[in-house]
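Take a look at the letters that make up each chain.
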Amino acid sequence: MNKIVLTDAERAVVSALVDEVFDRVDVWDPVAMVDEVPGLAERLPLRLREFLVNSRMAEADVTVVANLPVDENLVPTPIGWDLAAKTGAGQREELVLLLCGTALADPFGWATQQDGRVVHDVCPAPGMENSLTSASSAAPLTLHTEDVHHPCRGDYVSLFCLRNPDAVGTTFVRIAALDLPAGTREVLAQNRFRFHPDDSHIGAIVDLVEGEVRDRVFDPGSVIFGPAERPYLRFDVDFMSAAGGDTEAEQAIQTTVDCLARSVERVILEPGDAVFVDNYRVVHGREPFVPRYDGNDRWLKRLNLIRDVRRLYAMSDTRSRIIA
Ligand SMILES: O=C(O)CCC(=O)C(=O)O
Ligand SMILES: [Fe+2]
(Lines give C-alpha, C1' and ligand atoms only; values in the text may rest on other atoms or scores of the structure.)
(Ligands and ions follow the chains in the order given, each with its own letter.)
Protein backbone atom coordinates (compact mmCIF):
# COMPACT_ATOMS: atom_id res chain seq x y z
CA MET A 1 0.00 0.00 0.00
CA ASN A 2 1.30 3.37 -1.06
CA LYS A 3 0.51 5.87 1.69
CA ILE A 4 1.11 9.54 2.40
CA VAL A 5 0.11 11.31 5.62
CA LEU A 6 -0.34 15.03 5.11
CA THR A 7 1.19 17.32 7.69
CA ASP A 8 -1.25 19.65 9.43
CA ALA A 9 0.20 22.52 7.40
CA GLU A 10 -0.45 20.61 4.17
CA ARG A 11 -3.98 19.82 5.29
CA ALA A 12 -4.52 23.53 5.93
CA VAL A 13 -3.47 24.30 2.34
CA VAL A 14 -6.11 21.88 1.02
CA SER A 15 -8.68 23.32 3.38
CA ALA A 16 -7.95 26.92 2.29
CA LEU A 17 -8.31 25.92 -1.37
CA VAL A 18 -11.71 24.36 -0.64
CA ASP A 19 -12.80 27.46 1.34
CA GLU A 20 -11.82 29.68 -1.56
CA VAL A 21 -13.99 27.72 -4.01
CA PHE A 22 -17.02 27.58 -1.71
CA ASP A 23 -16.72 31.33 -1.03
CA ARG A 24 -17.41 32.06 -4.68
CA VAL A 25 -19.60 29.17 -5.83
CA ASP A 26 -23.32 29.70 -5.24
CA VAL A 27 -24.62 26.28 -6.18
CA TRP A 28 -22.29 23.31 -5.83
CA ASP A 29 -22.42 21.21 -9.00
CA PRO A 30 -19.49 18.77 -9.30
CA VAL A 31 -20.20 18.07 -12.98
CA ALA A 32 -20.03 21.78 -13.82
CA MET A 33 -16.80 22.11 -11.76
CA VAL A 34 -15.00 19.11 -13.13
CA ASP A 35 -13.10 20.88 -15.92
CA GLU A 36 -11.90 23.54 -13.50
CA VAL A 37 -10.72 21.15 -10.80
CA PRO A 38 -7.43 20.01 -12.45
CA GLY A 39 -6.28 23.64 -12.63
CA LEU A 40 -7.15 24.11 -8.97
CA ALA A 41 -5.40 20.84 -8.10
CA GLU A 42 -2.12 22.39 -9.28
CA ARG A 43 -2.30 24.30 -6.02
CA LEU A 44 -2.37 21.20 -3.83
CA PRO A 45 0.81 20.75 -1.78
CA LEU A 46 3.66 19.74 -4.12
CA ARG A 47 4.52 16.66 -2.03
CA LEU A 48 0.94 15.39 -2.46
CA ARG A 49 0.89 16.04 -6.20
CA GLU A 50 4.21 14.26 -6.66
CA PHE A 51 2.95 11.35 -4.60
CA LEU A 52 -0.23 10.97 -6.67
CA VAL A 53 1.54 11.30 -10.02
CA ASN A 54 4.15 8.75 -9.00
CA SER A 55 1.39 6.43 -7.84
CA ARG A 56 -0.30 6.72 -11.21
CA MET A 57 2.91 6.04 -13.13
CA ALA A 58 3.78 3.05 -10.94
CA GLU A 59 0.23 1.69 -11.31
CA ALA A 60 0.22 1.34 -7.54
CA ASP A 61 -2.38 -1.18 -6.37
CA VAL A 62 -3.77 0.79 -3.45
CA THR A 63 -2.97 4.43 -2.74
CA VAL A 64 -3.94 6.15 0.50
CA VAL A 65 -3.87 9.86 1.34
CA ALA A 66 -4.36 10.47 5.06
CA ASN A 67 -5.09 13.62 7.10
CA LEU A 68 -7.18 15.35 4.44
CA PRO A 69 -9.59 17.97 5.81
CA VAL A 70 -13.06 16.92 6.95
CA ASP A 71 -15.43 19.68 8.07
CA GLU A 72 -15.41 20.09 11.87
CA ASN A 73 -19.13 20.80 11.66
CA LEU A 74 -19.92 17.85 9.41
CA VAL A 75 -23.66 17.21 9.27
CA PRO A 76 -25.01 13.88 10.57
CA THR A 77 -24.61 10.93 8.23
CA PRO A 78 -27.60 10.98 5.88
CA ILE A 79 -29.89 7.95 5.91
CA GLY A 80 -29.08 6.83 2.37
CA TRP A 81 -27.46 8.45 -0.64
CA ASP A 82 -30.68 10.01 -1.93
CA LEU A 83 -31.06 12.07 1.24
CA ALA A 84 -27.40 13.09 0.96
CA ALA A 85 -28.05 14.25 -2.59
CA LYS A 86 -31.21 16.11 -1.67
CA THR A 87 -29.65 17.93 1.29
CA GLY A 88 -26.22 18.59 -0.22
CA ALA A 89 -24.49 16.82 2.67
CA GLY A 90 -20.70 16.74 2.61
CA GLN A 91 -20.10 19.02 -0.37
CA ARG A 92 -16.72 20.30 0.84
CA GLU A 93 -15.56 16.71 1.07
CA GLU A 94 -16.71 16.07 -2.50
CA LEU A 95 -14.35 18.81 -3.64
CA VAL A 96 -11.48 17.41 -1.56
CA LEU A 97 -11.92 14.05 -3.27
CA LEU A 98 -12.20 15.62 -6.72
CA LEU A 99 -9.01 17.63 -6.15
CA CYS A 100 -6.98 14.54 -5.21
CA GLY A 101 -8.71 12.32 -7.78
CA THR A 102 -8.01 14.55 -10.76
CA ALA A 103 -4.31 14.32 -9.99
CA LEU A 104 -4.63 10.60 -10.83
CA ALA A 105 -7.27 10.41 -13.57
CA ASP A 106 -10.51 11.87 -14.98
CA PRO A 107 -13.78 11.80 -13.00
CA PHE A 108 -16.90 10.27 -14.56
CA GLY A 109 -20.26 8.85 -13.50
CA TRP A 110 -23.15 6.62 -14.56
CA ALA A 111 -26.65 7.77 -15.48
CA THR A 112 -27.90 4.54 -13.89
CA GLN A 113 -26.19 5.12 -10.51
CA GLN A 114 -27.20 7.61 -7.81
CA ASP A 115 -29.15 9.78 -10.26
CA GLY A 116 -26.14 10.35 -12.49
CA ARG A 117 -24.12 12.11 -9.78
CA VAL A 118 -20.38 12.16 -10.30
CA VAL A 119 -19.52 11.97 -6.58
CA HIS A 120 -21.49 9.29 -4.75
CA ASP A 121 -22.37 8.74 -1.11
CA VAL A 122 -21.66 5.39 0.45
CA CYS A 123 -23.71 5.07 3.63
CA PRO A 124 -26.08 2.39 4.90
CA ALA A 125 -29.75 2.68 3.93
CA PRO A 126 -32.80 1.06 5.56
CA GLY A 127 -34.09 -1.88 3.57
CA MET A 128 -30.74 -2.30 1.79
CA GLU A 129 -28.89 -4.04 4.64
CA ASN A 130 -28.48 -7.29 2.70
CA SER A 131 -28.35 -5.87 -0.80
CA LEU A 132 -25.46 -6.34 -3.21
CA THR A 133 -24.87 -2.57 -3.34
CA SER A 134 -22.71 -0.11 -1.43
CA ALA A 135 -25.79 0.82 0.71
CA SER A 136 -25.57 -2.59 2.39
CA SER A 137 -24.35 -3.15 5.94
CA ALA A 138 -25.39 -6.46 7.58
CA ALA A 139 -24.15 -8.46 4.59
CA PRO A 140 -20.53 -8.21 3.50
CA LEU A 141 -19.87 -6.60 0.15
CA THR A 142 -18.25 -9.36 -1.89
CA LEU A 143 -14.87 -8.67 -3.48
CA HIS A 144 -15.49 -7.06 -6.85
CA THR A 145 -14.19 -5.04 -9.73
CA GLU A 146 -16.16 -1.79 -9.73
CA ASP A 147 -18.75 -1.77 -12.55
CA VAL A 148 -17.42 -5.07 -13.86
CA HIS A 149 -19.87 -5.14 -16.79
CA HIS A 150 -18.57 -2.17 -18.68
CA PRO A 151 -15.59 -1.72 -21.04
CA CYS A 152 -15.24 1.88 -19.80
CA ARG A 153 -15.30 1.00 -16.09
CA GLY A 154 -13.01 3.09 -13.91
CA ASP A 155 -9.26 2.73 -13.69
CA TYR A 156 -9.72 3.71 -10.06
CA VAL A 157 -12.51 3.66 -7.55
CA SER A 158 -11.79 6.20 -4.84
CA LEU A 159 -13.34 6.43 -1.41
CA PHE A 160 -12.99 9.35 1.00
CA CYS A 161 -13.90 8.58 4.60
CA LEU A 162 -16.00 11.07 6.54
CA ARG A 163 -17.01 8.72 9.36
CA ASN A 164 -16.21 5.14 10.32
CA PRO A 165 -16.93 4.86 14.05
CA ASP A 166 -16.86 1.05 14.19
CA ALA A 167 -13.62 0.76 12.23
CA VAL A 168 -15.26 -1.27 9.46
CA GLY A 169 -12.66 -2.58 7.03
CA THR A 170 -12.58 -2.08 3.30
CA THR A 171 -11.29 -5.40 1.97
CA PHE A 172 -9.18 -5.93 -1.11
CA VAL A 173 -7.14 -8.49 -3.02
CA ARG A 174 -4.28 -7.49 -5.29
CA ILE A 175 -3.87 -9.65 -8.38
CA ALA A 176 -0.16 -9.71 -7.57
CA ALA A 177 -1.00 -11.55 -4.34
CA LEU A 178 -3.29 -14.12 -5.98
CA ASP A 179 -1.87 -17.61 -6.07
CA LEU A 180 -3.87 -19.12 -8.94
CA PRO A 181 -3.08 -22.58 -10.35
CA ALA A 182 -1.52 -22.32 -13.82
CA GLY A 183 -4.41 -24.19 -15.47
CA THR A 184 -6.97 -21.85 -13.94
CA ARG A 185 -4.95 -18.82 -14.98
CA GLU A 186 -4.96 -20.08 -18.55
CA VAL A 187 -8.75 -20.44 -18.60
CA LEU A 188 -9.24 -17.05 -16.96
CA ALA A 189 -7.17 -15.43 -19.70
CA GLN A 190 -9.57 -16.67 -22.37
CA ASN A 191 -12.68 -14.96 -23.64
CA ARG A 192 -15.09 -17.37 -21.92
CA PHE A 193 -16.84 -15.10 -19.42
CA ARG A 194 -19.82 -12.78 -19.32
CA PHE A 195 -19.96 -9.67 -17.19
CA HIS A 196 -23.39 -8.37 -16.19
CA PRO A 197 -24.59 -5.02 -14.77
CA ASP A 198 -24.76 -5.10 -10.98
CA ASP A 199 -27.83 -4.26 -8.88
CA SER A 200 -26.83 -0.62 -8.36
CA HIS A 201 -27.26 -0.13 -12.13
CA ILE A 202 -30.40 -2.22 -12.44
CA GLY A 203 -32.25 -0.89 -9.40
CA ALA A 204 -32.80 -4.44 -8.06
CA ILE A 205 -32.50 -4.86 -4.32
CA VAL A 206 -32.13 -8.27 -2.72
CA ASP A 207 -32.09 -12.01 -3.16
CA LEU A 208 -31.37 -12.44 -6.82
CA VAL A 209 -31.13 -15.99 -7.98
CA GLU A 210 -28.22 -16.78 -10.25
CA GLY A 211 -30.47 -17.39 -13.25
CA GLU A 212 -31.70 -13.83 -13.20
CA VAL A 213 -28.23 -12.36 -13.32
CA ARG A 214 -27.36 -14.66 -16.22
CA ASP A 215 -30.37 -13.34 -18.12
CA ARG A 216 -29.10 -9.78 -17.99
CA VAL A 217 -27.24 -8.17 -20.88
CA PHE A 218 -23.53 -8.86 -20.74
CA ASP A 219 -20.15 -7.78 -21.98
CA PRO A 220 -18.07 -10.81 -22.97
CA GLY A 221 -14.40 -11.03 -22.04
CA SER A 222 -11.65 -12.65 -20.03
CA VAL A 223 -10.98 -12.35 -16.32
CA ILE A 224 -7.23 -11.87 -16.72
CA PHE A 225 -5.94 -9.62 -19.48
CA GLY A 226 -3.18 -7.16 -20.32
CA PRO A 227 0.60 -7.47 -19.94
CA ALA A 228 1.59 -10.98 -18.87
CA GLU A 229 4.28 -9.62 -16.55
CA ARG A 230 1.82 -7.26 -14.87
CA PRO A 231 -1.69 -8.49 -15.64
CA TYR A 232 -5.09 -6.90 -15.06
CA LEU A 233 -8.15 -8.47 -13.48
CA ARG A 234 -11.92 -8.29 -13.98
CA PHE A 235 -13.99 -10.21 -11.45
CA ASP A 236 -17.25 -10.04 -9.52
CA VAL A 237 -18.66 -13.45 -8.68
CA ASP A 238 -22.17 -12.03 -8.14
CA PHE A 239 -22.34 -10.43 -11.57
CA MET A 240 -20.49 -12.70 -13.94
CA SER A 241 -21.15 -16.06 -15.52
CA ALA A 242 -19.48 -18.60 -17.75
CA ALA A 243 -20.72 -18.90 -21.30
CA GLY A 244 -23.55 -21.49 -21.39
CA GLY A 245 -22.32 -25.05 -20.75
CA ASP A 246 -18.68 -24.05 -20.21
CA THR A 247 -18.09 -26.03 -17.03
CA GLU A 248 -14.34 -25.46 -17.15
CA ALA A 249 -14.92 -21.70 -17.06
CA GLU A 250 -17.42 -22.16 -14.21
CA GLN A 251 -14.82 -24.14 -12.28
CA ALA A 252 -12.23 -21.41 -12.90
CA ILE A 253 -14.61 -18.85 -11.37
CA GLN A 254 -15.02 -21.04 -8.28
CA THR A 255 -11.28 -21.63 -7.94
CA THR A 256 -10.72 -17.88 -8.16
CA VAL A 257 -13.28 -17.27 -5.38
CA ASP A 258 -11.37 -19.73 -3.18
CA CYS A 259 -8.02 -18.11 -4.00
CA LEU A 260 -9.39 -14.62 -3.34
CA ALA A 261 -10.56 -15.71 0.11
CA ARG A 262 -6.97 -16.70 0.97
CA SER A 263 -5.43 -13.37 -0.10
CA VAL A 264 -7.70 -10.77 1.49
CA GLU A 265 -6.09 -7.64 2.89
CA ARG A 266 -7.94 -4.80 4.56
CA VAL A 267 -7.65 -1.12 5.18
CA ILE A 268 -9.66 0.62 7.88
CA LEU A 269 -10.42 4.07 6.59
CA GLU A 270 -10.46 6.83 9.20
CA PRO A 271 -12.06 10.24 8.73
CA GLY A 272 -9.75 12.22 6.45
CA ASP A 273 -8.39 9.13 4.63
CA ALA A 274 -8.92 8.78 0.89
CA VAL A 275 -8.14 5.48 -0.81
CA PHE A 276 -7.59 5.07 -4.53
CA VAL A 277 -8.02 1.44 -5.55
CA ASP A 278 -6.60 0.47 -8.94
CA ASN A 279 -9.68 -1.17 -10.47
CA TYR A 280 -7.56 -3.11 -12.99
CA ARG A 281 -5.15 -4.54 -10.44
CA VAL A 282 -7.30 -4.96 -7.35
CA VAL A 283 -10.76 -6.21 -6.40
CA HIS A 284 -12.32 -4.64 -3.31
CA GLY A 285 -15.22 -5.14 -0.92
CA ARG A 286 -16.33 -4.38 2.61
CA GLU A 287 -16.80 -6.15 5.91
CA PRO A 288 -20.33 -6.32 7.36
CA PHE A 289 -21.42 -4.00 10.13
CA VAL A 290 -24.49 -3.09 12.18
CA PRO A 291 -26.10 0.10 10.88
CA ARG A 292 -27.18 2.73 13.40
CA TYR A 293 -29.38 5.14 11.43
CA ASP A 294 -28.77 7.76 14.12
CA GLY A 295 -26.57 10.18 12.19
CA ASN A 296 -23.31 8.54 13.28
CA ASP A 297 -23.11 5.85 10.63
CA ARG A 298 -20.13 5.09 8.48
CA TRP A 299 -20.05 7.54 5.56
CA LEU A 300 -17.78 7.67 2.53
CA LYS A 301 -17.75 9.78 -0.62
CA ARG A 302 -17.01 7.78 -3.78
CA LEU A 303 -15.58 8.91 -7.09
CA ASN A 304 -14.92 6.85 -10.23
CA LEU A 305 -11.87 7.81 -12.26
CA ILE A 306 -10.84 6.83 -15.79
CA ARG A 307 -7.39 7.56 -17.17
CA ASP A 308 -8.73 9.14 -20.35
CA VAL A 309 -12.25 10.54 -20.43
CA ARG A 310 -12.09 10.59 -24.23
CA ARG A 311 -12.68 6.85 -24.14
CA LEU A 312 -16.21 7.72 -22.94
CA TYR A 313 -16.69 10.44 -25.55
CA ALA A 314 -15.59 8.09 -28.34
CA MET A 315 -17.82 5.28 -27.11
CA SER A 316 -20.96 7.41 -26.76
CA ASP A 317 -20.38 10.04 -29.47
CA THR A 318 -21.27 12.52 -26.75
CA ARG A 319 -18.99 14.84 -24.84
CA SER A 320 -20.42 13.67 -21.54
CA ARG A 321 -18.73 12.28 -18.45
CA ILE A 322 -21.89 10.49 -17.47
CA ILE A 323 -22.25 7.09 -19.13
CA ALA A 324 -25.86 6.59 -20.23
O1 LIG B 1 -17.65 0.63 1.75
C2 LIG B 1 -16.55 0.29 1.30
O3 LIG B 1 -15.53 0.31 1.99
C4 LIG B 1 -16.45 -0.16 -0.12
C5 LIG B 1 -17.73 0.05 -0.84
C6 LIG B 1 -17.61 -0.25 -2.31
O7 LIG B 1 -17.24 -1.28 -2.75
C8 LIG B 1 -17.95 0.80 -3.22
O9 LIG B 1 -18.53 1.79 -2.79
O10 LIG B 1 -17.66 0.67 -4.42
FE1 LIG C 1 -17.09 -1.10 -4.99
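Residues numbered from 1 in each chain as written. Chains lettered and ligands numbered in written order. Predicted model: local features only at pLDDT ≥ 70, side-chain atom pairs only at ≥ 80, totals over all residues. Heavy atoms only, no water.

The name given to the protein chain in an unreviewed UniProt entry is Arginine beta-hydroxylase, Fe(II)/alpha-ketoglutarate-dependent, and the organism recorded there is Kibdelosporangium aridum. Its UniProt record gives the protein chain a comment under Sequence similarities (unreviewed entry), which states: "Belongs to the clavaminate synthase family." (UniProt positions renumbered as here; feature names shortened; annotations may be inferred.)

Moving on, we come to unusual backbone geometry. Backbone geometry places Asn67, a non-glycine residue, at a positive phi of 70 degrees. Position of Asn67 relative to the elements: it lies in the loop between strand S2 (62-66) and helix H5 (81-87). Its relative accessible area of 18% is what places Asn67 among the buried residues. In this structure, Asp115 is a non-glycine residue whose phi angle is positive, near 60 degrees. In this fold, Asp115 is placed in the loop between strand S3 (106-110) and strand S4 (119-122). (Helix = DSSP H or I, 4+ residues; strand = E, 2+ residues; numbered from the N terminus. Buried < 20%, exposed > 50% of the residue type's maximum accessible area, 1.4 Å probe, protein only.)

For a metal with four tetrahedral donors the ideal donor-metal-donor angle is 109.5 degrees, whereas six octahedral donors ideally subtend 90 or 180 degrees. Looking at the iron ion (ligand 2), one finds its protein donor set to be His144 (NE2), Glu146 (OE) and His284 (NE2), positioned 2.0 to 2.1 Å from the metal centre. Considered as a linear motif, the donors of the iron ion (ligand 2) on their single chain read H-x1-E-x137-H. (Donors = N, O, S within 2.8 Å, 3.2 Å for Na, K, Ca; no water.)

Glancing now at the sheet that holds strand S7 (residues 169-174). One open sheet accounts for 4 strands, arranged S5-S15-S7-S13; its pairing is antiparallel. On the outer flanks of this sheet lie strand S5 (141-144) and strand S13 (265-268), each paired with one strand and no other. Averaged over neighbouring strand pairs, the angle between their axes works out to 20 degrees when direction is ignored. As paired elements, S7 and strand S15 (residues 282-286) share 5 bridges and run antiparallel to each other. In the sheet register, Thr171 faces S15, and the bridge partner there is Gly285. (Pairing = 2+ DSSP bridges. Axes fitted to C-alpha atoms, helices over the stretch in contact; angles between N-to-C directions.)

Mapped onto this numbering, the UniProt entry annotates "binding site: 2-oxoglutarate" (unreviewed entry) at Thr184, Arg298 and Arg302. An extended arrangement is adopted by the annotated residues: their sequence extent is 119 residues, and the largest C-alpha distance between any two is 37.4 Å. For the largest pocket, the lining residues among the annotations just cited are Arg298 and Arg302. Checked against the element boundaries, Thr184 lands in helix H7 (residues 182-188). By relative accessible area, which is 11% here, Thr184 ends up buried. (1 Å grid on protein atoms, 1.4 Å probe; cavity = no way out; pocket = protein on both sides within 12 Å on 5 of 7 lines; lining within 4 Å.)

Formed by 42 residues in total, the largest nonpolar core has its most connected members in Leu48, Leu52, Val65, Leu68, Leu99 and Phe276. Secondary structure elements with two or more residues in this core: helix H1 (8-24), helix H3 (37-41), helix H4 (46-58), helix H6 (91-102), strand S6 (156-163), strand S14 (274-278) and strand S16 (299-306). Of all the elements, H6 adds the most residues to this core, at 6 residues. For Val65, the contacting residues outside a window of four places in its chain are Ile4, Leu6, Leu48, Phe51, Leu52, Gly272, Asp273, Ala274 and Phe276. Listed in part, the 24 residues of the second largest apolar core include Phe195, Met240, Ala242 and Leu260. (Core = buried A, V, L, I, M, F, W, Y, C linked by side-chain atoms within 4.5 Å. Contact = heavy atoms within 4.5 Å.)

Taken together, Val122, Ser134, Leu141, His144, Glu146, Leu159, Thr170, His284, Arg286, Arg298, Leu300 and Arg302 make up the full set of residues adjacent to ligand 1. Thr170 has a polar side-chain atom sitting 2.6 Å from an oxygen atom of ligand 1. Within the side chain of Arg298, a nitrogen or oxygen atom sits 2.8 Å from an oxygen atom of ligand 1. Summarising the interface, the protein chains cover 99% of the accessible area of ligand 1, which totals 290 Å² for the free molecule. Here ligand 1 is seated within the largest pocket. (Near = heavy atom within 4 Å. Polar contact = N/O pair within 3.5 Å; in protein donor to acceptor, adjacent residues only side chain to side chain. Areas by Shrake-Rupley, 256 points an atom, 1.4 Å probe, with all protein chains shown as cover. Sits in = over half its atoms within 2 Å of the grid points.)

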